[in-house]
Amino acid sequence: QVQLVESGGGLVQPGDSLRLSCSASGGGFSSYTMAWFRQAPGKEREFVAYISSSDGTTSYGDSVKGRFTISRDNAKNMVYLQMNSLKAEDTAVYYCAGKLPRYYPQYTAANYHYWGQGTQVTVSS
C-alpha cells in the first residue's frame, strides 16, 4: 500500500554535506513514524534517525548525533535526512522506512513495515 523511494545519494568527500529525500506514495504518510537506516557491506542494518508521525519528536543513532537531521513534510509526503560533516564511516546504503507508531522501539529495523530501495552514500577522499 505504501511505497517509498529514496534519492539524493552520491559520492562526497569527508566533511561535505548531503541531503537525502524519501518520497512516499499510497496514502497514510502522515500517520507513520518515519526513519532512516543504513547498511554497509558485511554489517547489520543500523538505525540512523526517526521522526514521529505528528509532534516532530526525533531521535538519532549515537554515531550521527549532532551531524544529521531528519525532517518531514506531511503535505508533500516527504521525509529528509540532512547529513553534515560526513565521515568515511558514514558510507552505506541509506534506506527510508515507515511504520505505525505503536510498534516499539523506534530504532529497531524489524518494526518497520515499509522500506525504500535504498540510495548509496559514499564518503571518500
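Residues numbered from 1 in each chain as written. Predicted model: local features only at pLDDT ≥ 70, side-chain atom pairs only at ≥ 80, totals over all residues. Heavy atoms only, no water.

## Section: the pattern of salt bridges
Inspection of every chain in the model, using the stated rule, returns four salt bridges. Across the pair Glu46 and Arg38 runs a salt bridge, and its minimum N-O distance is 2.8 Å. The exposure class assigned to Glu46 is partly exposed, which follows from its relative accessible area of 28%. Among the ionic pairs, Asp62 bridges to Lys65, the shortest N-O distance being 3.0 Å. One salt-bridge network, in which partners are shared between bridges, spans Arg38, Glu46, Arg67 and Asp90. (Salt bridge = Lys/Arg side-chain N within 4 Å of Asp/Glu carboxyl O. Buried < 20%, exposed > 50% of the residue type's maximum accessible area, 1.4 Å probe, protein only.)

## Things to note about the sheet that holds strand S1 (residues 3–7)
One open sheet holds the four strands; their spatial order is S1-S3-S8-S7, and the pairing between them is antiparallel. Edge positions in the open sheet fall to S1 and strand S7 (68–73), since each of these has one partner strand only. When strand polarity is set aside, the average angle formed by the axes of neighbouring strands in this sheet is 15°. As paired elements, strand S3 (residues 18–25) and strand S8 (residues 78–83) share six bridges and run antiparallel to each other. Counted as the bridge partner of Leu18 is Met83 from S8. (Pairing = 2+ DSSP bridges. Helix = DSSP H or I, 4+ residues; strand = E, 2+ residues; numbered from the N terminus. Axes fitted to C-alpha atoms, helices over the stretch in contact; angles between N-to-C directions.)

## Things to note about the pairing of strand S9 (residues 92–99)
Taking burial as the measure, the eight residues of S9 include seven buried ones, the bulk of the element. Where strand S4 (residues 33–39) and S9 come together, seven bridges link them in antiparallel fashion. Note that in S9 the partner of Arg38 across the bridge is Tyr94. Of the pairings in the sheet, the one linking S9 to strand S11 (residues 119–123) comprises three bridges and is antiparallel in character. Among the inter-strand pairings, Tyr94 is bridged to a residue of S11, identified as Thr119.

## Let's talk about the state of the cysteines
Applying the stated rule across the entire model yields one disulfide. Paired by a disulfide, Cys22 and Cys96 hold their sulfur atoms 2.1 Å apart. On the sign convention where negative means left-handed, the S-S torsion of about -80° between Cys22 and Cys96 marks this disulfide as left-handed. Of this pair, Cys22 sits in strand S3 while Cys96 sits in strand S9; the two residues are 74 residues apart in sequence, bridging distant segments of the chain. Take Cys96: its relative accessible area is 0%, and that puts it in the buried class. (Disulfide = S-S within 2.5 Å.)

## Let's talk about the packing of aromatic side chains
Enumeration according to the criterion identifies eight aromatic pairs in this entry. Here the aromatic rings of Tyr32 and Tyr114 are separated by 5.4 Å at their centres, their planes lie at 85°, and the arrangement is edge-to-face. Taken as a pair, Tyr32 in the loop between S3 and S4 and Tyr114 in strand S10 (residues 114–115) lie far apart in primary sequence, 82 residues in all. Across the pair, exposure class does not vary: Tyr32 and Tyr114 are buried alike. Between Phe37 and Phe47 the ring centres are 5.7 Å apart and the planes differ by 70°, which places this aromatic pair in the edge-to-face class. Taken together, the residues span a long stretch of sequence, with Phe37 in strand S4 and Phe47 in strand S5 (residues 46–51) at a distance of 10 residues. Look at Phe47 and you get buried, because its relative accessible area is 13%. (Phe/Tyr/Trp six-rings, centres within 6.5 Å; stacked < 30°, edge-to-face > 60°.)

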